[in-house]
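Reading the structure
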Amino acid sequence: MADESIRLRVGQERPVRLAPHAADDWSFRVDGMTSAVDVRKMWTSRPYEEDEEDGPGPRPPRAMVFVIRAMAPGDAAVRFRSAQGDAHDVTVHVEP
């Protein structure tokens with residue numbers, strides 16, 4: 001069962017945020033209609049810079065960010081895996 005299921009139209013993108021172990025830690029594999037999606041590793045996010053107006057409280061966690069872009073109508077599954085054994089699966093339905 002997928003951790004996440006998304007519906008996109010051709011040309012739309014959706015970020016996927018994963019635990020940031022190390023820069024090259026996460027890999028991915030596309031199953032199903034591989035031409036339906038394009039997956040790109042983007043960056044490791046940074047917490048927001050401190051701002052004088054921010055009150056005390058927890059900072060947003062860092063994340064490894066990938067972007068899934070809808071390329072053609074169809075269904076695909078994107079399987080993310082880390083060297084530490086973490087997994088995150090995303091099913092994607094792309095509409096015209």
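The coordinates are above.
In this report, we go over the structure that sits alongside the text. Nothing here was measured: the structure is a model prediction, and the numbers come from that model.

**A short note on the overall build of the protein chain**
Across its full length, the protein chain carries 0 helices and 7 strands. Across the protein chain, helices and strands are ordered from the amino to the carboxyl terminus as β-β-β-β-β-β-β. When each of the 96 residues of the protein chain is scored for burial, the buried share is 30%. In the protein chain, the share of contacts with a sequence separation of at least 24, taken over all contacts with a separation of at least 6, comes to 70%. Surface accessibility of the protein chain: about 6,300 Å² in total, with carbon and sulfur atoms responsible for 49%.

**Looking at the sheet that holds strand β4 (residues 37-44)**
In spatial order, the strands read β2-β5-β4; together these 3 strands make up an open sheet with antiparallel pairing. With one partner strand each, in any of the chains shown, β2 (13-18) and β4 form the two edges of the open sheet. Averaged over neighbouring strand pairs, the angle between their axes works out to 25 degrees when direction is ignored. Bridge count for β4 against strand β5 (residues 64-70) is 7 bridges, and the pairing is antiparallel. Bridged to T44 within β5 is M64.

Reading the values: rules and limits
Residues numbered from 1 in each chain as written. Predicted model: local features only at pLDDT ≥ 70, side-chain atom pairs only at ≥ 80, totals over all residues. Heavy atoms only, no water. Helix = DSSP H or I, 4+ residues; strand = E, 2+ residues; numbered from the N terminus. Buried < 20%, exposed > 50% of the residue type's maximum accessible area, 1.4 Å probe, protein only. Contact = heavy atoms within 4.5 Å. Areas by Shrake-Rupley, 256 points an atom, 1.4 Å probe, with all protein chains shown as cover. Pairing = 2+ DSSP bridges. Axes fitted to C-alpha atoms, helices over the stretch in contact; angles between N-to-C directions.

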